[in-house]
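Residue strings, one per chain:
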Amino acid sequence: MPDLSRREFLSTAAVAGAALNVKPHGAPVRQPTLPPDSPAALPPAFELDEATIADLQAGMRSGKYSSRQLTELYLGRIAAMDRQGPSLHAMLDLNPDAL
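Residues numbered from 1 in each chain as written. Predicted model: local features only at pLDDT ≥ 70, side-chain atom pairs only at ≥ 80, totals over all residues. Heavy atoms only, no water.

S.K.: Honestly, the overall build of the protein in this entry has me stumped. Any pointers?
M.R.: Along the backbone of the protein there are 3 helices and 0 strands. Along the protein, from the amino end to the carboxyl end, the secondary structure elements read α-α-α. A buried classification covers 15% of the 99 residues belonging to the protein. Summarising the internal contacts of the protein: among those between residues at least 6 apart in sequence, 49% fall at separations of at least 24. When the accessible surface of the protein is totalled, it reaches about 7800 Å², and 61% of it is carbon and sulfur. (Helix = DSSP H or I, 4+ residues; strand = E, 2+ residues; numbered from the N terminus. Buried < 20%, exposed > 50% of the residue type's maximum accessible area, 1.4 Å probe, protein only. Contact = heavy atoms within 4.5 Å. Areas by Shrake-Rupley, 256 points an atom, 1.4 Å probe, with all protein chains shown as cover.)

S.K.: In this structure, what is going on with the pattern of salt bridges? I would like to understand it.
M.R.: Close approach of charged atoms lets side chains of opposite charge pair. Counting across every chain of the model gives 2 salt bridges. With its nearest N and O atoms 3.4 Å apart, the salt bridge here joins R77 to D49. Taken together, the positions of R77 in helix α3 (residues 67-83) and D49 in the loop between α1 (6-20) and α2 (53-62) put the pair 28 residues apart, joining distant regions of the chain. Judged by its relative accessible area of 13%, D49 is buried. The shortest N-O distance in the salt bridge between E72 and R68 comes to 3.1 Å. Placement of the pair is E72 and R68 together in helix α3, with a separation of 4 residues, close to one helical turn. (Salt bridge = Lys/Arg side-chain N within 4 Å of Asp/Glu carboxyl O.)

S.K.: I tried to follow the packing of aromatic side chains on my own but got confused; where do I start?
M.R.: The geometry of an aromatic ring pair comes down to the distance between the two centres and the angle between the two planes. For the structure on display, the rule yields 1 aromatic pair. Aromatic pair F46 and Y74: ring centres 5.4 Å apart, planes at 70°, arrangement edge-to-face. You can see F46 sitting in the loop between α1 and α2 and its partner Y74 sitting in helix α3, a full 28 residues away along the chain. Relative accessible area serves as the criterion here: at 13%, F46 is assigned to the buried category. (Phe/Tyr/Trp six-rings, centres within 6.5 Å; stacked < 30°, edge-to-face > 60°.)

And the structure:
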């Protein structure tokens, strides 16, 4: 199995999840299909997509990011992916005191 980037994994998972979406009575839900290279089919760019924990720690040590800035960036990403965009609904709850 080839190594997938997070972006490729999310794109593949979103398409697979949409394909498995069915109505309660078993009738398939008709989903519009987009070409794989369509901008609407891809998640929006996110500056921390491929960042590792070590990268985030180094960014905080250098002053590039504060913990608040990182939290705001990730909350924005959750809103873009989970609530708007592809509407993954993967996050059931967010800590209201995160910031």
